[in-house]
Amino acid sequence: MSALQDRIALVTGAASGIGLATARRFADEGAQVLIADLDAAGLTRALDAMPGSRHEAITLDVTDEPAWIALASRIERQFGHLDVLFNNAGFGKFGSIADTSLDMWRSVIGVNLDSIFLATKYMLPLLEASGHGSIINMSSIRGIAAAPDCASYCAAKGGVRMFTKATALECAAAGNGVRANSIHPGHVATPLTAAAHGDPQVARRLLDDVPIGRIGVPEEIADAVVFLASDAARYMTGAELVVDGGSTAQ
Ligand SMILES: NC(=O)c1ccc[n+]([C@@H]2O[C@H](COP(=O)([O-])OP(=O)(O)OC[C@H]3O[C@@H](n4cnc5c(N)ncnc54)[C@H](O)[C@@H]3O)[C@@H](O)[C@H]2O)c1
């Protein structure tokens, strides 16, 4: 049997990059996937690229609390439970602390971290109802090891790492069967990073940071997310899974 046969999975930021690759891998493994994103046109393209026909596209701003409440009601009515929640949507804005406006700071914390609090708050009853719910939260190597000129991103992704552990312990104490783990990619080629990887100087610096000598591809992160989502990871909760070609081992 496939690893996620007939599981209901919600993926945010699924119109592009790592989210799209993971949604496709979830579908390959037999899941019915709800792909959510702010980008409605991107979602339509993503749905066309999914194997199988029972998946659904949901236009969602992950920072919008009423939208999460409405989505939880919809999933409750339609399925009665949720098996997998991959909180993936996010982005970074780069610059020194002095050059970071409060609005910029709040937008980075909002999309990367507040969104995960909202998703967890409103989806937890549905994950509990599944009996084996799995939450995977997108962090980064920047949630473990900082770098200059990305303080808001480092703070957000570090917050994701600890919020995940707090979620895992709360769920374990409640005995509700829900696991929560964070995933920490290194440098991955996606539309988010295309500009940086396209600049020869930046690309060389990034490559120098990767012991195995190449930038990752979204499918390599997706494979690790499938593992965390599946029963193969049934004894993992509160863990941080690093997928970075060795960057943080240095
Ligand atoms: N690419 C990398 O090197 C890398 C490394 C570590 C972590 N990450 C993290 O992985 C995640 C996915 O990044 P990616 O590289 O695939 O980027 P991407 O830009 O290809 O995909 C991100 C998706 O999130 C969506 N999104 C942005 N804001 C949203 C919002 N408010 N509501 C709903 N959807 C929203 C975008 O529309 C886009 O489709 C991000 O959280 C990113 O921080 C990426």
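Residues numbered from 1 in each chain as written. Predicted model: local features only at pLDDT ≥ 70, side-chain atom pairs only at ≥ 80, totals over all residues. Heavy atoms only, no water.

### A look at the layout of surface pockets
Alright, step 1. Each pocket or cavity is described by its volume, and for the largest pocket that value is around 1200 Å³.
Alright, step 2. Together, 46 residues line the largest pocket, and Gly92, Phe94, Tyr153, Leu192 and Thr193 are the ones closest to its centre.
Alright, step 3. Elements represented by at least two residues in the lining of the largest pocket include exactly helix H1 (17–28), strand S2 (32–37), helix H4 (102–130), helix H5 (151–174), helix H6 (194–198) and helix H7 (200–208).
Alright, step 4. Each residue belonging to the lining of the largest pocket can be placed in one class, and the counts come to 23 nonpolar, 15 polar and 8 charged. (1 Å grid on protein atoms, 1.4 Å probe; cavity = no way out; pocket = protein on both sides within 12 Å on 5 of 7 lines; lining within 4 Å. Points joined across faces, edges and corners; volume = space filled by probe spheres on them. Helix = DSSP H or I, 4+ residues; strand = E, 2+ residues; numbered from the N terminus. Nonpolar A, V, L, I, M, F, W, Y, C, P; charged D, E, K, R; others polar.)

### With respect to the pairing of strand S4 (residues 84–87)
Alright, step 1. In S4, alternate side chains face the same way, and those of Val84 and Phe86 on one face and Leu85 and Asn87 on the other are all buried.
Alright, step 2. Alignment of strand S1 (residues 8–12) against S4, held across 3 bridges, turns out to be parallel. By the bridge assignment, Leu10 is partnered in S4 with Leu85.
Alright, step 3. Where S4 meets strand S5 (residues 134–138), 4 bridges bridge the pair, whose relative direction is parallel. What sits directly across from Phe86, in S5, is Ile136. (Buried < 20%, exposed > 50% of the residue type's maximum accessible area, 1.4 Å probe, protein only. Pairing = 2+ DSSP bridges.)

### Some remarks on empty space enclosed by the protein
Alright, step 1. Using the criterion set out here, one finds 1 cavity of 30 Å³ or more in the structure.
Alright, step 2. Estimated volume of the largest cavity: approximately 50 Å³.
Alright, step 3. Sort the elements by how many residues they give to the lining of the largest cavity and H4 lands first, with 4 residues.
Alright, step 4. Looking at the lining of the largest cavity residue by residue, the classes come out as 6 nonpolar, 5 polar and 1 charged.

### With respect to the site of the ligand
Alright, step 1. Ser16, Asp37, Asn88, Tyr153 and Thr190 are the nearest of the 29 residues found near the ligand.
Alright, step 2. At a separation of 3.5 Å, an oxygen atom of the ligand approaches a polar backbone atom of Gly17.
Alright, step 3. Here Lys157 contributes a side-chain N or O atom positioned 3.0 Å from an oxygen atom of the ligand.
Alright, step 4. Comparing atom positions with the cavity grids shows the ligand to sit within the largest pocket.
Alright, step 5. When residues of the shell around the ligand are traced back to their parent elements, those giving at least two are H1, H4 and H5.
Alright, step 6. Residues of the shell around the ligand, tallied by class, amount to 13 nonpolar, 12 polar and 4 charged. (Near = heavy atom within 4 Å. Polar contact = N/O pair within 3.5 Å; in protein donor to acceptor, adjacent residues only side chain to side chain. Sits in = over half its atoms within 2 Å of the grid points.)

### Some thoughts on the pairing of S2
Alright, step 1. A large share of S2 lies buried, amounting to 6 of its 6 residues.
Alright, step 2. Here S2 shows two buried faces, one formed by Gln32, Leu34 and Ala36 and the other by Val33, Ile35 and Asp37.
Alright, step 3. With 5 bridges joining them, S1 and S2 adopt parallel strand pairing. Bridge pairing links Leu10 to Leu34 in S2.
Alright, step 4. In this fold, S1 hands off to H1, which returns the chain to S2; that crossover is right-handed.
Alright, step 5. As paired strands, S2 and strand S3 (residues 56–59) are joined by 4 bridges and run parallel to one another. When the bridges of S3 are listed, Ala36 appears paired with Ile58. (Right-handed = clockwise from strand over helix to strand, strands pointing away.)

### Digging into the pattern of salt bridges
Alright, step 1. The full count for this structure, using the stated rule, is 8 salt bridges.
Alright, step 2. For Glu240, the salt bridge goes to Arg161, with nearest N and O atoms at 2.8 Å. Of this pair, Glu240 sits in strand S7 (residues 240–243) while Arg161 is found in helix H5, placing the two residues 79 residues apart along the sequence.
Alright, step 3. Salt bridges here are not isolated pairs; linked through shared partners, they connect Arg25, Glu29 and Asp223. (Salt bridge = Lys/Arg side-chain N within 4 Å of Asp/Glu carboxyl O.)

### Side note on the UniProt feature "domain: Ketoreductase" (unreviewed entry) in the protein chain
Alright, step 1. Here, UniProt's "domain: Ketoreductase" (unreviewed entry) annotation points to residues 7–188.
Alright, step 2. The span residues 7–188 shows a helical share of 48% and a strand share of 17%, and its end C-alpha atoms are spaced 27 Å apart. (UniProt positions renumbered as here; feature names shortened; annotations may be inferred.)

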